[in-house]
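Inside the fold
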Amino acid sequence: MPQHPLITFRHLLREVNSQFTKLNKNPLWRNELFRAFRQKGYVKNDAKKEQLLRDAQNVLTFLESNRKFRELLDKANPTHKQSVQERVEMTAHRVGLELPKVYNEA
């Protein structure tokens, strides 16, 4: 499924922006992506260009899959990002119970 390099670049840029640049407010990944695609223009060997395009498509597939996995994990298990104490409290509330108050000596 060979695509035009510009299409692959745009898709990669969209994934990198949404997963790294906007999240961390750090343009490092975005700038590195621009640098890598600019360097590709200087490669004269067609076989090497095809290999670089396949590598870029593989990275794109990985980033998209990773994003989709995180979305599904958030849907299926909304408590996975919470602390153990919060999970225990939510589980107790789910079955209609409350945790006993913890004695604090201070």
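Quick summary incoming for the structure in this document. A quick note: this is a predicted structure, and the numbers were derived from the prediction, not measured.

**Focus on the side chain of threonine 8**
Looking at the secondary structure, you find threonine 8 in helix 1 (residues 5-24). A relative accessible area of 0% means that threonine 8 is categorised as buried. In this structure threonine 8 touches Gln3, Leu53, Ala56, Gln57 and Leu60, once residues within four positions along its chain are discounted.

**With respect to the layout of surface pockets**
Of the volumes computed, that of the largest pocket is approximately 410 Å³. Among the secondary structure elements, those contributing two or more residues to the lining of the largest pocket are helix 1, helix 2 (28-40) and helix 3 (46-76). If you tally residues by element for the lining of the largest pocket, the top one is helix 2, at 7 residues. Per-class residue counts for the lining of the largest pocket are 13 nonpolar, 1 polar and 3 charged.

**Some remarks on the packing of aromatic side chains**
In this structure the tally under the stated criterion is 3 aromatic pairs. Among the aromatic residues, those joined into a cluster by ring pairs are Phe9, Phe34 and Phe37.

**Here we look at a nonpolar patch on the surface**
Taken together, the side chains of Val84, Val88 and Leu99 present a nonpolar region at the surface, about 240 Å² in accessible area. Mapped onto the elements of the fold, leucine 99 is located in the segment after helix 4 (84-94). Given the relative accessible area of 35%, leucine 99 is considered partly exposed.

What counts and what doesn't
Residues numbered from 1 in each chain as written. Predicted model: local features only at pLDDT ≥ 70, side-chain atom pairs only at ≥ 80, totals over all residues. Heavy atoms only, no water. Helix = DSSP H or I, 4+ residues; strand = E, 2+ residues; numbered from the N terminus. Buried < 20%, exposed > 50% of the residue type's maximum accessible area, 1.4 Å probe, protein only. Contact = heavy atoms within 4.5 Å. 1 Å grid on protein atoms, 1.4 Å probe; cavity = no way out; pocket = protein on both sides within 12 Å on 5 of 7 lines; lining within 4 Å. Points joined across faces, edges and corners; volume = space filled by probe spheres on them. Nonpolar A, V, L, I, M, F, W, Y, C, P; charged D, E, K, R; others polar. Phe/Tyr/Trp six-rings, centres within 6.5 Å; stacked < 30°, edge-to-face > 60°. Patch = residues over 30% accessible without salt bridge, like charges linked within 9 Å, V, L, I, M, F, W, Y side chains within 5 Å. Areas by Shrake-Rupley, 256 points an atom, 1.4 Å probe, with all protein chains shown as cover. Salt bridge = Lys/Arg side-chain N within 4 Å of Asp/Glu carboxyl O.

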